[in-house]
Amino acid sequence: MIKKALYTFLSALVIIVVVFSIVLSSCKKMMSPPDVQTVEKKFFQCYDDIQVIVEYLAESQYGSIYICNDSGMMSVGTYKMEITDPSVLAALKRLVDENYSVINKCGNTIHFQQWTRFTDAGCGIAYSINHKDAPEIEYLIELTPLSTEGWYYYVDDYNEWRD
């Protein structure tokens, strides 16, 4: 009887440890940015829509533009402006559906955030408009060229950057 109880206890303990390990592994994976290959694969899947947005933002007269959803609004400094081009709106909606949560133009850089951890870290793709200078992103900790000229994989993390 004691042997059976001991086996039952040990079996339950093993199951708990395995389940805990799986949950911990899943949490760690969710908290880590996707790798370059994963981000580049998504980039190629969404390339046409990304190009529509890049052309729209690159041709804009504004040096700083921030888009954080598919509402059709963009922030230009302290002002909100409406995006009226239907092809840009359609591309924007598809990109948001593909988890590109933030699109930002700042100077020579346009970046598309694909992953974020709370508000302190993110990763995605960045484009250098002039193809000469590397993209500049706040709190940048990693910048890797992609196979397409002018495009980069980036990771930003305020906590790691400040250390």
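In short, a report on the structure.

Conventions used here
- Residues numbered from 1 in each chain as written.
- Predicted model: local features only at pLDDT ≥ 70, side-chain atom pairs only at ≥ 80, totals over all residues.
- Heavy atoms only, no water.
- Helix = DSSP H or I, 4+ residues; strand = E, 2+ residues; numbered from the N terminus.
- Buried < 20%, exposed > 50% of the residue type's maximum accessible area, 1.4 Å probe, protein only.
- Contact = heavy atoms within 4.5 Å.
- Areas by Shrake-Rupley, 256 points an atom, 1.4 Å probe, with all protein chains shown as cover.
- Salt bridge = Lys/Arg side-chain N within 4 Å of Asp/Glu carboxyl O.
- Expected span 1.5 Å × (residues − 1).
- Pairing = 2+ DSSP bridges.
- Core = buried A, V, L, I, M, F, W, Y, C linked by side-chain atoms within 4.5 Å.
- Phe/Tyr/Trp six-rings, centres within 6.5 Å; stacked < 30°, edge-to-face > 60°.

A few points about the overall build of the chain
Scanning the chain from terminus to terminus reveals five helices and eight strands. Counting only residues that meet the buried cut, the chain has 36% of its 163 residues in that class. For the chain, long-range pairs separated by at least 24 residues make up 52% of all intrachain contacts whose partners lie at least 6 apart in sequence. Approximately 10,400 Å² of the chain is accessible, and the part contributed by carbon and sulfur atoms is 59%.

Quick notes on the pattern of salt bridges
All told, the structure shown has three salt bridges when counted by the stated rule. Between aspartate 49 and arginine 94 there is a salt bridge, with its nearest N and O atoms 2.7 Å apart. Taken together, the positions of aspartate 49 in helix H3 (residues 47–59) and arginine 94 in helix H4 (residues 86–97) put the pair 45 residues apart, joining distant regions of the chain. Taking relative accessible area as the criterion, arginine 94 reaches 42% and is therefore assigned partly exposed. Where lysine 93 meets aspartate 97, a salt bridge forms, and the shortest distance between an N and an O atom there is 3.4 Å.

Describing unusual backbone geometry
At asparagine 99, a residue that is not glycine, the phi angle is positive and equals roughly 75 degrees. In this structure, asparagine 99 sits in the loop between H4 and strand S4 (102–106). The class for asparagine 99 is exposed, based on a relative accessible area of 52%. Residue histidine 131 is not a glycine yet carries a positive backbone phi of 60 degrees. Checked against the element boundaries, histidine 131 lands in the loop between strand S6 (121–128) and strand S7 (140–145). With a relative accessible area of 35%, histidine 131 lands in the partly exposed category.

Some words on H3
Given a rise of 1.5 Å per residue, 13 residues ought to cover 18 Å, and the 18 Å separating the end C-alpha atoms of H3 matches this to within 8%. Among the residues of H3, Asp49, Ile50, Gln51, Ile53, Val54 and Leu57 are the ones counted as buried.

Thoughts on the pairing of strand S5 (residues 109–117)
In summary, the side chains of a regular strand alternate between the two faces of the sheet. With eight of nine residues buried, S5 is to be regarded as a mostly interior element. Bridging between S4 and S5 involves five bridges; their strand directions are antiparallel. Pairing of lysine 105 across the sheet is with isoleucine 110, part of S5. Counted along the chain from S4 to the antiparallel partner S5, the turn is two residues long, and its residue glycine 107 has a positive phi close to 65 degrees.

Concerning the nonpolar core
By size, the foremost hydrophobic cluster in this structure holds 30 residues, and its most contacted members are Ile50, Ile53, Phe112, Ile125 and Trp151. Broken down by secondary-structure element, the contributors of at least two residues to this core are helix H2 (36–45), H3, strand S1 (64–67), strand S2 (73–76), H4, S5, S6 and strand S8 (151–157). For tryptophan 151, the residues in contact, after removing those within four places along its chain, are Phe43, Tyr47, Ile50, Gln51, Val54, Phe112, Ile125, Ala126, Tyr127, Pro145 and Leu146.

A word on the packing of aromatic side chains
Tallied over the full model, the rule gives nine aromatic pairs. Each ring, one from tyrosine 139 and one from tyrosine 158, has its centre 4.9 Å from the other, and the planes form 80 degrees; the classification is edge-to-face. You can see tyrosine 139 sitting in the loop between S6 and S7 and its partner tyrosine 158 sitting in helix H5 (residues 158–162), a full 19 residues away along the chain. The partly exposed category is assigned to tyrosine 158, whose relative accessible area is 31%. Among the aromatic residues, ring-to-ring pairing joins Phe43, Phe44, Tyr47, Tyr100, Phe112, Tyr127 and Trp151 into one connected group.

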